[in-house]
Each structure stands twice: as structure tokens, then as C-alpha cells.
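Here is what each chain is made of, one letter per residue.
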Amino acid sequence: MIKIAVQKSGRLYDESLKLLKECGLHVDNGMDQLKAEVRNFPAEVYFLRNSDIPQYLEDGVVDIAIIGENVLYEKNANVFVLEKLGFSKCRLSIALPKNDEYSGITSLEGKKIATSYPNTLQKYLNEKNVNAEIHLISGSVEIAPNIGLADAICDLVSSGSTLFKNGLEEKDILFRSEACIAANPKALEDKKEIIDEILFRVQSVLKARDHRYILFNIPNHQIKTVGKMLPVLKSPTVLPLLDEGWSSMHSVIHVDDFWKVIRGLKEHGAQGILVIPVQNMVI
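Residues numbered from 1 in each chain as written. Predicted model: local features only at pLDDT ≥ 70, side-chain atom pairs only at ≥ 80, totals over all residues. Heavy atoms only, no water.

Some words on the packing of helix 1 (residues 13–22) against helix 7 (residues 192–209)
Put simply, the rule reads: A fitted line through C-alpha atoms represents every axis, and for helices the fit uses only the stretch in contact; the resulting angles, taken between N-to-C directions, go from 0 to 180 degrees. Each helix corresponds to a stretch of at least 4 residues labelled H or I by DSSP, and each strand to a stretch of at least 2 residues labelled E; elements are numbered beginning at the N terminus. Should an angle fall under 35 degrees it is called roughly parallel, over 145 degrees roughly antiparallel, and 65 to 115 degrees roughly perpendicular, with every other angle called oblique. A contact between two residues is defined here by any heavy atoms of the two lying within 4.5 Å. In this classification, the charged set is Asp, Glu, Lys and Arg, the nonpolar set is Ala, Val, Leu, Ile, Met, Phe, Trp, Tyr, Cys and Pro, and all remaining amino acids, among them Gly, are polar.
Axis separation between helix 1 and helix 7 bottoms out at 9 Å; the angle between their running directions is 105 degrees. By the criterion of interaxial angle, the relationship of helix 1 to helix 7 is roughly perpendicular. In contact with Glu 15, Lys 18, Leu 19 and Glu 22 of helix 1, helix 7 contributes Val 202, Val 205 and Arg 209. Tallied by class, the residues present in the contact of helix 1 with helix 7 amount to three nonpolar, no polar and four charged.

Examining the layout of surface pockets
Note the cut-off: Of the two site types, the cavity is a set of points on a 1 Å grid over the protein atoms alone where a 1.4 Å probe fits but cannot get out, and the pocket is an open set with protein on both sides within 12 Å along at least five of seven lines, each lined by residues with an atom within 4 Å of a point. Grid points are joined across faces, edges and corners, and a volume is the space filled by probe spheres set on the points.
The volume enclosed by the largest pocket comes to roughly 600 Å³. Along its surface, the largest pocket is lined by 24 residues, and Ser 116, Tyr 117, Ser 138, Asp 155 and Leu 156 are the ones closest to its centre. At the level of elements, helix 3 (69–75), strand 9 (152–157) and helix 5 (161–165) are the ones that each hand at least two residues to the lining of the largest pocket. Its residues assigned to classes, the lining of the largest pocket comprises eight nonpolar, eleven polar and five charged. Within this model, the second largest pocket holds a volume of roughly 180 Å³. As for the second largest pocket, its lining consists of 14 residues, and the residues nearest its centre are Gln 7, Ser 9, Gly 10, Arg 11 and Asn 50. Split into classes, the residues belonging to the lining of the second largest pocket amount to five nonpolar, six polar and three charged.

Observations regarding helix 9 (residues 258–267)
Short version of the rule: Categorising residues by exposure relies on relative accessible area from a 1.4 Å probe, with only protein chains included: less than 20% of the type maximum marks a residue as buried, more than 50% marks it as exposed, and the intermediate range marks it as partly exposed. What the arc describes is the spread of directions from the helix axis to the C-beta atoms.
Phe 258, Val 261, Ile 262, Gly 264 and Leu 265 are the residues of helix 9 that are buried. Buried residues in helix 9, looked at end-on, bunch into an arc of 165 degrees, giving them a common side. Residues Trp 259, Lys 260, Arg 263, Lys 266 and Glu 267 are exposed on helix 9 and point more than 90 degrees away from its buried face. For helix 9, the secondary structure elements touched by its buried residues are strand 12 (211–219), helix 8 (223–229), strand 14 (246–254) and strand 15 (271–277). One or two residues past the end of helix 9 sits Gly 269, with phi positive at roughly 90 degrees.

Side note on the sheet that holds strand 9
The strands making up a sheet associate through backbone hydrogen bonding, with each pair oriented either parallel or antiparallel. Test applied: The pairing criterion for strands is at least two bridges between them, as found by DSSP.
Read from one edge to the other, the open sheet built from five strands follows the order 8-7-9-6-10, with strand pairing classed as mixed. Where the open sheet ends on each side, the last strands, each with one partner, are strand 8 (133–136) and strand 10 (168–177). Direction aside, neighbouring strands of the sheet carry axes that sit 25 degrees apart on average. Pairing geometry for strand 7 (residues 112–115) and strand 8, over four bridges, is parallel. Bridged to Lys 112 within strand 8 is Glu 133. In the packing of helix 4 (residues 118–127) onto the sheet, contacts are made with strand 6 (90–97), strand 7, strand 8, strand 9 and strand 10, and the angle to strand 8 comes to roughly 170 degrees.

Next comes the structure, spelled out in C-alpha cells:
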């Protein structure tokens, strides 16, 4: 049995459960449930407060967790990051009122900075040899300059809309973060086989999210040319059509190449282009 921790609420909750479901783990979680069994896999899922997860993970109460890198860094947790998951991307940044002068972190010498990440901020200030007063706030950090509580803030930024609404401007980025799977060091030894199985499933899901399956009809004289354009795993599949002189080609493309490939296919006479999401991808 492996014990998996996820946020009981917050930015990572929905995406964490979605990932587990896509990995074939069916979690029977009810409202306000703190622990749930996985029906079809030897696992239990613990729904914990975000700030508590690093300690539970380090102490071995849970074996692995889906957690933000920023929280692990702030708590200085003695755990291993096994896989970055690509969602809940954000950055921990310094922000000031828009009209305030700022020529670098040294501008905050002797100033007050409000934050929910005092350890990460202090490390950064030490690295830059800046002495500033850190004011710890557990929430709504962005209002601190407006009410005279601090000269600047250090907080998580995703889109920047919250900063904009509060008249603040992002100045320095301390740390970039995203959701990850982290593991207790002892669990990596004692439960290596089952952790490897979960990682195998996670990696196949993440790979699939970055790719699309395409199929289209193409004149036979264009098959070789088009085949060279397709960034496939090995080579495209080619099937003859009933209509003489035409074939159907099937391939897998990366989402970053999508529009470039589609444009090239059209220019070389491709017709009936279908694009299908990939559920899992095992290489």
C-alpha cells in the first residue's frame, strides 16, 4: 500500500485528482474526507493542508505527494522531486507600487517586505547582501503596500492580474515553480516497485498531453515529401484508399509543431485532416 498526499483545497486540488484519474487510479473521495482508498490500485490518498504536506512527506506519514515546488523549497523539505507535472506554474516575485522607483533588489535595503514565504525571501536577500525587514503575512499579501504595512511584497504570481488590480508591478523573480511529484527517501527504497509504476503511468499521461494523433488523405506522389515533414516517433502509417492515387497517412505530432505541420500538409494537397487527442503515450 502506498500513501499519496494531495491538497485538500487550493490551486492543485482539481488537477491532482484529474492526473490520478488519467493514470487509472479511481479515488473514492467524498466531501470533506481526509483519507480515501483507491478502488483499483494498492494506494490511499490523503487530503492535507498544503503547508503540512512537506512535513508529512519528510516524516514518512505519506510516501509521495503532488505538491508545488515552491512549498518544498520554502519548507526546506528533505525529499526527492521525481517528476515535474507541467501544471500550476507560477513564480515567486518581488512587486512594488507602480510609481515607486526600483533599480534592483538593493533598492529594498532597509525597507519592509510582506510575504508568506519568509524563508525563501530571506535566502534571496542573503544571496544579494540586502538587509530588509520581512513582515510575515499568511494571506492577501498584495494589500500590504496599500495599507502602509510594507514597502514591497514577495508573493506568488501566475497571470499578474492580482498585482494589477492592487496597483503593483512585478520587479524581480526569485523562484519559478510548478506542481511536482515528490517522495520520501525511505519510501523510494521500500516501495520502489509501486512508485515506479505510478511514475510510469504519470509520464505516459504527460507525454500524451503534449501530442496529437493526426490522420489525413494525401495524393500518393506527395507521400515521401509529407513523410519527411512529420516529426513522428518512428515513421507515419500509410494505408491505400479505394480512390486510385490516394492514401491515408496517420502520425503523431507535438502540440508545439501543430500549426506548422498542418499548414505544410495543406500546401502539399492533404485533405480531410483529423486531429485526435492522445490519452496515453508509452514509448
